[in-house]
Amino acid sequence: MGAMTNSQPLLHQHGREIQQFGTVRQLPLGLSHDARLYSAQRLNQVLANTQILYALYKKHHWLMRGATFYQLHLLLDKHAEEQEALIDKVAERVQTLGGVAVGDPRHVAEITAVPRPPDGVEEVPAMLSRLLEAHEIILTDSRDAAGRVADLGDDGTNDLLVSDVIRTNELQVWFLAEHLVETPLVRA
Ligand SMILES: [Fe+2]
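The structure contained in this document is the topic of the report that follows. Please read these numbers as outputs of a predicted model, since none were measured by experiment. (Residues numbered from 1 in each chain as written. Predicted model: local features only at pLDDT ≥ 70, side-chain atom pairs only at ≥ 80, totals over all residues. Heavy atoms only, no water.)

Remarks on the nonpolar core
Okay, so step 1: Membership of the largest hydrophobic core comes to 39 residues, with the highest contact counts inside it found for Leu43, Tyr57, Met64, Leu131, Leu161, Val165 and Leu176.
Okay, so step 2: Ranked by the residues each element gives to this core, the list is headed by helix H4 (residues 124-151), at 10 residues. (Core = buried A, V, L, I, M, F, W, Y, C linked by side-chain atoms within 4.5 Å. Buried < 20%, exposed > 50% of the residue type's maximum accessible area, 1.4 Å probe, protein only. Helix = DSSP H or I, 4+ residues; strand = E, 2+ residues; numbered from the N terminus.)

Written as C-alpha cells, this is what we have:
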C-alpha cells in the first residue's frame, strides 16, 4: 500500500507564526494601512474587555443568590449571550480589517482593562456593581474609539462600535442598575 492510498491524518504538526498579533494584512478595502492598524488595535482592546465581561456575566450567573436569584440568574445569562454575540462581531471586524483578533483567554487577560474579581463570591450588590463598572470601562473606551476611527475614515468600525457595542452595553447598564435601587418590597 503506497502513500497515495494512505488516509492517515498528518498529526502533531507545528509551524512558524504566519501573521503576528498587532499587524494587519493588506486588503482592498479603500482604507489606509494606518487606519486599519489603528482600528484593529482599538477593537482588540474592546474585544478583550468584552470577553472578560462575558466571563464575569457567566461567573455571576452561576454565583447569584438571594430572593431575586432566579430573575438575576436569567438576566445575567441573557446579557452574557448578547456579549458573546458582540465578541464574534468585534473579532470578525478585526479579521475584516486584516488584523489578528485576540482569542486565547490568557492573552485576553494580559490586555483587558477590567479588574479581576475575587475567585470567591461577593455580596450580590457588589457583584452587580462590578458588572456596571466593567460596562462603563467598555463604554468610555468604545465612544473614544468610535470617534477616532471615524476621523480616520473607518465608518464600518465606527458603526459597529456605536450600533452594536455601545447600544448593547448602554441597555444592559439600565437593566442592571435598576437592581441597585432600594425600593420597598411591601410597604410604601
Ligand atoms: Fe446557565
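Some remarks on the pattern of salt bridges
Okay, so step 1: Summed over the entire model, instances satisfying the criterion amount to 11 salt bridges.
Okay, so step 2: Of the charged contacts, one joins glutamate 82 and lysine 78 as a salt bridge, the two residues approaching to 2.8 Å between their closest N and O atoms. Of this pair, glutamate 82 and lysine 78 are both found in helix H2 (residues 69-96), 4 residues apart, which corresponds to roughly one turn of the helix.
Okay, so step 3: Exposure remark for glutamate 82: the relative accessible area of 25% places this residue in the partly exposed category.
Okay, so step 4: You can call lysine 78 partly exposed: its relative accessible area is 44%.
Okay, so step 5: Notably, a salt bridge pairs arginine 93 with aspartate 154, separated by 2.8 Å at the nearest N-O pair. Residue arginine 93 is found in helix H2, and its partner aspartate 154 is found in the loop between H4 and helix H5 (155-177); the two are separated by 61 residues along the sequence.
Okay, so step 6: The buried category is assigned to arginine 93, whose relative accessible area is 18%.
Okay, so step 7: Within the structure, one salt-bridge network assembled from shared partners comprises Arg42, Asp141, Asp144 and Arg148. (Salt bridge = Lys/Arg side-chain N within 4 Å of Asp/Glu carboxyl O.)

Digging into a nonpolar patch on the surface
Okay, so step 1: A surface patch of nonpolar side chains, about 310 Å² in accessible area, is lined by Phe69, Tyr70 and Leu74.
Okay, so step 2: By the element assignment, leucine 74 lies in helix H2. (Patch = residues over 30% accessible without salt bridge, like charges linked within 9 Å, V, L, I, M, F, W, Y side chains within 5 Å. Areas by Shrake-Rupley, 256 points an atom, 1.4 Å probe, with all protein chains shown as cover.)

Some remarks on the layout of surface pockets
Okay, so step 1: Reported here for the largest pocket is a volume of approximately 350 Å³.
Okay, so step 2: Along its surface, the largest pocket is lined by 13 residues, and Thr68, His179, Val181, Glu182 and Thr183 are the ones closest to its centre.
Okay, so step 3: Of all the elements, H4 adds the most residues to the lining of the largest pocket, at 3 residues.
Okay, so step 4: Broken down by class, the residue content of the lining of the largest pocket amounts to 8 nonpolar, 3 polar and 2 charged.
Okay, so step 5: Roughly 240 Å³ of internal volume is contained in the second largest pocket.
Okay, so step 6: When residues of the lining of the second largest pocket are assigned to their parent elements, the largest contribution, 4 residues, is made by helix H1 (residues 33-63).
Okay, so step 7: Residues of the lining of the second largest pocket, tallied by class, amount to 8 nonpolar, 1 polar and 3 charged. (1 Å grid on protein atoms, 1.4 Å probe; cavity = no way out; pocket = protein on both sides within 12 Å on 5 of 7 lines; lining within 4 Å. Points joined across faces, edges and corners; volume = space filled by probe spheres on them. Nonpolar A, V, L, I, M, F, W, Y, C, P; charged D, E, K, R; others polar.)

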